Structures are given as structure tokens and as C-alpha cells.
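# Survey of secondary and tertiary structure
So you can see what is in the structure, the chains are spelled out below.
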Amino acid sequence: MAKRVAIVGAGVSGLASIKCCLEESLEPTCFERSDDLGGLWRFTEHVEEGRASLYRSVVSNSCKEMSCYSDFPFPEDYPNYVPNSQFLEYLKMYANRFNLLKHIQFKTKVCSVTKCPDFTVTGQWEVVTQHEGKQESAIFDAVMVCTGFLTDPYLPLDSFPGINTFKGQYFHSRQYKYPNIFKDKRVLVVGMGNSGTDIAVEASHLAEKVFLSTTGGAWVISRVFDSGYPWDMVFTTRFQNMFRNSLPTPIVNWLLARKMNSWFHHANYGLVPEDRTQLREPVLNDELPGRIITGKVLIKPSIKEVKENSVIFNNTPKEEPIDIIVFATGYTFAFPFLDESVVKVENGQASLYKYIFPAHLPKPTLAVIGLIKPLGSIIPTGETQARWVVRVLKGINKLPPQSVMIEEVNARKENKPSGFGLCYCKALQADYITYIDELLTYINAKPNLFSMLLMDPRLGLTIFFGPFTPYQFRLTGPGKWEGARNAILTQWDRTFKVTKTRSVQESPSPFASLLKLLSLLALLMAIFLIFL
């Protein structure tokens, strides 16, 4: 009899989890509290309790070749960075293509997930749900939690003296939908993450004046990277990752700073990060430097005091009149349907082995999918997690002893830097390529680069030097996709198809031809010397 698996949430990770269960002949039931799938990527005019909220203009920060499901590329005519409406359509295509909808119960809230009395023997869970006011209870052999971490706004008002006296309007960025509320207003955005920067830039097109307050600064990069390529297709490669991880962290940070400043010098714009020893996710924004240099956005330090109609910033005695304050101060996360004895959240992280399994449970039948912040797309990350999880649930893969898992979780919580590569020391941060490769190794799906370079050198070189696209995860092992090789070798064709919408005749460069000839001669000479 197939094991029954409860999946909480029908966002990007929930959909992948349903599909992975079906691939391993498990019986999934997905509970989604809203009336449609999509999670974060489904825009609504009003904020809905218990689910992520986005503003109308949101565009993906990871390009379509890097953020698709590993066996389901985005349509060729989609832009490289996808607006939320098209992203939702893609998710619906995915659900229809793999027949996932019949496994989802919409408008169904998960009230509680508790261990059955015989849990130490069966590993089963009692799941209580509510649909149209009526509660139901069912027993499941396993649970996959796919609720994300962008539902509970973090709003530390105590950190802003005088906020209670402020007569203007203030709200968390979760409430933001459209920029028209800022027309002819003096706006302050607190927090320089991706959302805060987006909102400040949008407001600057309508507002009288916009201030962006940041405590620690941030590196700002454009989606349009070297030679016009998508930033993550250039930055996220196996070669680049191996190179970075072989260098001492101070050198990597120095190289990173040089690269970030190649677009514009961050210190001259008041943006340079104060703490450059630990990695902070870069801010993706194509407009911010232009808004600053034209005086439309003013970068300010942290807030010293809020008054009735103005704000005083630290190190600047001048009062600035303000009408609206937007707190883009991030999110906390929790699992209200789980007892703390199952998953306890402390200091922005939970005691999860490989960011997935509660290390202390005697039976590994509960998994959290997507609770991680890699420097890469969450879609292929959550999908790869789910591929491993379902094989653990089925008994094909085994977890190490509890003591080993707990020791690793505790070591990760200490956040001790290795001294090499980028420093992933903040809660939930992980090295994207290293983490994915580790999970792929567990399910025997990691491509063998050495063998590939011998048997299929074109593919091997593309995988090593080219972008770390999710198609690589389907070249071998369980879930192998026959279209993976072709998808990898044509990834740049799809990238430029949507930008090169006008045919142009490029003039051949004699210098480039000469350089290619000299490179070929050098290669032939090297081969000759090797075999001499």
C-alpha cells in the first residue's frame, strides 16, 4: 500500500513535492489555504493571512534558465527575468503538465500536525484541517511542510523611538501593492533589501521626495551583467564556485568588492556594506544608481528619532519632513500548526538536518522544504530537497544516526567561517552549488564531470564553465530526463531569443579572428608538448 503524504502549501515547493511523491509512487495530498496555487507568485489586491504577499511590479531576481524546475524549462518566449503574472502562468503549466491539481485541496487550512500515539513505531501524523468552517482529521505516513518564510512580517517598532507620535502613515512592505499612494508625498523606506529598494525606486517616480534608510548598506547589482548576460548565468557556475572556494575569504571579499564597484562606486553613493566579512545577499535593482544620481532617491543612515511629521537620522541633525514610512524590515517565520517539540524556531533558524529534517525525531517522516536562503533560486533548491526527501520517506535512502545529525545542526548554528570562499554565516544561508551537489549525491543524480569530459566533452565543458542550470540535475540517476542534455546545450539560445528581436549583421573583427587562430595554435602546441 502506498504511503500517504500530507503536503502543506501549494507554492513552488509544494508543487515540486507533489510531483516528487508521484514519481516515487507515494500518495500525496496537498492542503492549500487559499483558492489557487502559486504561493508567493500569486498577486492579490489585498493581503491574505498566512500567505506571502507581493506588489504588482515584482519581477524574478533569478533568470528563467536558472530558476525553472529541472525537467520543465520556461517557454522560449518568456523574458529572461519573469514578471509575477507570467511566473504564475508557468506554475500552472507545470501543475497541468504533471497532473498535480487533482492532489490539491484548496481553501483548506492546516490547523495542527501532531504525532500519533504510536509514532515511535509507525512514524505517522494526525493532520487536522479546516474547510469552509468544518474540521476534519486524517492520518498520514509523512508530512512535507512547504509554507516558506515570507508570511510573518518583522516590524520592530520599539527600535524607532517616537513612532507612536507619528501623524503620517506607516506600514510594513508586505502591505504595499501599488506606487500611486506615494504621489506628491515625502516617503521614507526603512530597510535596503530587494523589496525596500524596489519600493523606493517605484515611489521616486511619483513622490515629492524619497529617502532610503539603511543601517549596514548593501552591494547593488543589475540583472544585466557582463556583456549584457543575465547576472546569475555569469556568477553561478561550477568553475567560479570552485575558484572562489579555493581562495581565502578576505581575497574573495576583495574580488567581490571590485566586481560590485565595476558598475558604480558604492562608497560614492552611500551604499557600500559596512560588514564585508559576511555574505549578504546582493540587492538586484537596475534603476537605483540612476535614481540616486538624479536626486530622486536619497540614501540615509539609520533612524535616530521619529517625530509627529518628521524624522531625524543618526549623524545628521537636520529634521526631514515625512508623510509615509514603509518598513521593509524583513520577515520572521513560524509553524503555528506544529508543536515546538517537533520544530522549534530560535534566532531565525530551526534545528533541521540539511535544512530539512528535524534532527531529534526518532522517525524521519516530517520534512521542511524551502526553508533555506541559498545564493540561487529557491525553485530548483526546493525541488532537489523534495527529490531526496521522498526517497528517504520510501526507505531507499537512509539518514545518519541522530547523534551525527544533531552534531551537524549544532555546528551549523555556531556559524564558524571556514576561512575560504564566501562566508555563509547568517541564518539559513548556504553555498548554493555545494548544497545542491550534496543532495544530488545522496540520490545518485550528481553528474560525473570527469567521465563526462571524456565521453561527452562538449557537455562536460558546458557544465563546468557554463551556468549552473537545473537541467544538470536530471542528466543521470532517478528522475533522469532525456531532454536534459539538449536543454543545457541550448540554454544560451533561449536566453538571447527574447532579447535579439531585431536581426543585426555583426561585422567580423580581424583582431578576434587572429586571437582565435593564436589560441588554436597555442592549444595544438600544448597538446604536442604533452605527448612529446
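Residues numbered from 1 in each chain as written. Predicted model: local features only at pLDDT ≥ 70, side-chain atom pairs only at ≥ 80, totals over all residues. Heavy atoms only, no water.

### Focus on the sheet that holds strand E10 (residues 186–190)
Paired through their backbone hydrogen bonds, the strands of a sheet run either parallel or antiparallel. Strand order across the open sheet formed by five strands is E9-E18-E10-E11-E14, with parallel pairing between neighbours. Across the chains shown, the open sheet's two edge strands, defined by having one partner strand only, are strand E9 (169–172) and strand E14 (297–300). Averaged over all pairs of adjacent strands, the angle between strand axes in this sheet comes to 20 degrees, irrespective of strand direction. Sheet analysis places E10 next to strand E18 (residues 324–327), joined by four bridges and oriented parallel. For Val189, the partnering residue across the bridge sits in E18 and is Val326. Packed on one face of the sheet, helix H4 (residues 194–203) meets E10, strand E11 (209–213), E14 and E18 and runs near 165 degrees to E11. (Pairing = 2+ DSSP bridges. Helix = DSSP H or I, 4+ residues; strand = E, 2+ residues; numbered from the N terminus. Axes fitted to C-alpha atoms, helices over the stretch in contact; angles between N-to-C directions. Contact = heavy atoms within 4.5 Å.)

### Re the nonpolar core
If you look at the biggest cluster of nonpolar residues, it comprises 143 residues, and the most contacted ones within it are Tyr69, Met144, Phe182 and Leu366. Looking at this core, the element that brings in the most residues is helix H9 (residues 378–394), giving seven residues. Aside from chain neighbours lying at most four places away, what touches Phe182 is Phe171, Tyr176, Val187, Ile199, Ala203, Leu206, Ala207, Ile324 and Val326. Among the nonpolar cores identified, the runner-up in size contains 13 residues, and Ile163, Leu188, Val306 and Phe327 belong to it. (Core = buried A, V, L, I, M, F, W, Y, C linked by side-chain atoms within 4.5 Å. Buried < 20%, exposed > 50% of the residue type's maximum accessible area, 1.4 Å probe, protein only.)

### Structural notes on the packing of helix H1 (residues 12–23) against helix H2 (residues 84–97)
Viewed as axis vectors pointing N to C, H1 and H2 meet at an angle of 15 degrees, and their least axial separation amounts to 11 Å. Taken together, the axis directions place H1 and H2 in an arrangement best described as roughly parallel. The hand of the H1/H2 crossing is left-handed. Side by side, H1 and H2 meet where Val12, Leu15, Ala16 and Lys19 of the first sit next to Leu91, Tyr94 and Ala95 of the second. (Parallel < 35°, antiparallel > 145°, perpendicular 65-115°, else oblique. Left-handed = near helix turned anticlockwise from the far one by under 90°.)

### A look at unusual backbone geometry
Even without glycine at this site, Ser25 takes up a positive phi of about 60 degrees. Locating Ser25 in the fold gives a position in the loop between H1 and strand E2 (27–31). Look at Ser25 and you get exposed, because its relative accessible area is 53%. The residue Asp184 is not glycine, and still its phi comes out positive at about 60 degrees. Following the sequence through the fold, Asp184 ends up in the loop between E9 and E10.

### Observations regarding the packing of aromatic side chains
Evaluation of the coordinates by the stated rule reveals 38 aromatic pairs. With centroids separated by 6.0 Å and ring planes inclined at 45 degrees, the aromatic side chains of Trp231 and Phe235 adopt a geometry described as tilted. Placement of both Trp231 and Phe235 in helix H5 (residues 231–235) is noted, with a separation of four residues, approximately one turn of the helix. Between Phe464 and Phe465, the ring centres sit 4.8 Å apart and the planes meet at 80 degrees, which makes this aromatic pair edge-to-face. With relative accessibility at 19%, the residue Phe464 sits in the buried group. Within the aromatic cluster, the residues linked to one another by ring pairs are Trp41, Tyr69, Phe72, Phe74, Tyr78, Phe87, Tyr90, Tyr94 and Phe98. We note Arg4 situated over the ring of Phe140; from NZ or CZ to the ring centre the distance is 4.4 Å. Taking NZ or CZ as reference, Lys19 lies 4.6 Å from the ring centre of Phe98, over its face. (Phe/Tyr/Trp six-rings, centres within 6.5 Å; stacked < 30°, edge-to-face > 60°. Lys NZ or Arg CZ within 6 Å of the ring centre and 35° of its normal.)

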